[in-house]
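# Architecture at a glance
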Amino acid sequence: WGLCVAQFHQNHGGLGEYAIVKASQSERKPSGLSPSQAAATASSGTSAVVVSREIKEGDRVLVIGGSGGVGTFLVQLAKLKGASFVAAVS
């Protein structure tokens, strides 16, 4: 795959196969991940971080889709912030 980078821009979503990006807004893809896995991690992780900004210590959080991409990140972030949580999964 050569050099593969991923970027997630908050106002424009993920970018296409080829794009010009600022080096400060990109990261090298870990060698153990496929391009699809790296893109999903960046997208889901970023979404969870944005949502988790509202979570505070002692909060009770209901995560619908706790076994999905965003949900798995959000459960971990809620725990790190000292919140309790219930994750609904199917």
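So, here is what we can say about the structure in this document. (Residues numbered from 1 in each chain as written. Predicted model: local features only at pLDDT ≥ 70, side-chain atom pairs only at ≥ 80, totals over all residues. Heavy atoms only, no water.)

On to a nonpolar patch on the surface. A surface patch of nonpolar side chains, about 340 Å² in accessible area, is lined by Leu62, Ile64 and Val86. Structurally, Leu62 is set in strand β5 (residues 60-64). (Patch = residues over 30% accessible without salt bridge, like charges linked within 9 Å, V, L, I, M, F, W, Y side chains within 5 Å. Areas by Shrake-Rupley, 256 points an atom, 1.4 Å probe, with all protein chains shown as cover. Salt bridge = Lys/Arg side-chain N within 4 Å of Asp/Glu carboxyl O. Helix = DSSP H or I, 4+ residues; strand = E, 2+ residues; numbered from the N terminus.)

With that out of the way, let us pick up the side chain of Ser44. Summarising the element assignment, Ser44 is placed in helix α1 (residues 35-52). Among the residues examined, Ser44 registers a relative accessible area of 14% and is labelled buried. Residue contacts for Ser44: discarding those within four places in its chain leaves Gly69, Val70 and Phe73. (Buried < 20%, exposed > 50% of the residue type's maximum accessible area, 1.4 Å probe, protein only. Contact = heavy atoms within 4.5 Å.)

The next point concerns helix α2 (residues 69-80). For α2, built from 12 residues, the straight-helix expectation of 16 Å at 1.5 Å per residue is met to within 8% by its first-to-last C-alpha distance of 18 Å. All of the buried residues in α2 are Gly71, Leu74, Val75, Leu77 and Ala78. Buried residues along α2 sit against α1, β5 and β6 (84-88). Just beyond α2, the residue with positive phi is Gly82, at close to 85°. (Expected span 1.5 Å × (residues − 1).)

Right, let's talk about the packing of α1 against α2 for a bit. The contact between α1 and α2 brings their axes to 8 Å, and the two run at 45°. Accordingly, the angle class assigned to the pair α1 and α2 is oblique. The two elements α1 and α2 meet at a crossing, and its hand is right-handed. Facing α1, whose interface residues are Thr41, Ser44, Gly45, Ser47, Ala48, Val49, Val51 and Ser52, α2 presents Gly69, Val70, Phe73, Leu74 and Leu77. Across the contact of α1 with α2, the residue classes tally to seven nonpolar, six polar and no charged. (Axes fitted to C-alpha atoms, helices over the stretch in contact; angles between N-to-C directions. Parallel < 35°, antiparallel > 145°, perpendicular 65-115°, else oblique. Left-handed = near helix turned anticlockwise from the far one by under 90°. Nonpolar A, V, L, I, M, F, W, Y, C, P; charged D, E, K, R; others polar.)

This part covers the pairing of β6. With five bridges connecting them, β5 and β6 associate as parallel partners. Counted as the bridge partner of Arg60 is Ser84 from β6. (Pairing = 2+ DSSP bridges.)

Its place among the elements puts Ser43 in helix α1. Ser43 sits in the partly exposed class, given a relative accessible area of 28%. Distance in space between the C-alpha atoms of Ser43 and Gly69 is 8.7 Å, their sequence separation being 26 residues.

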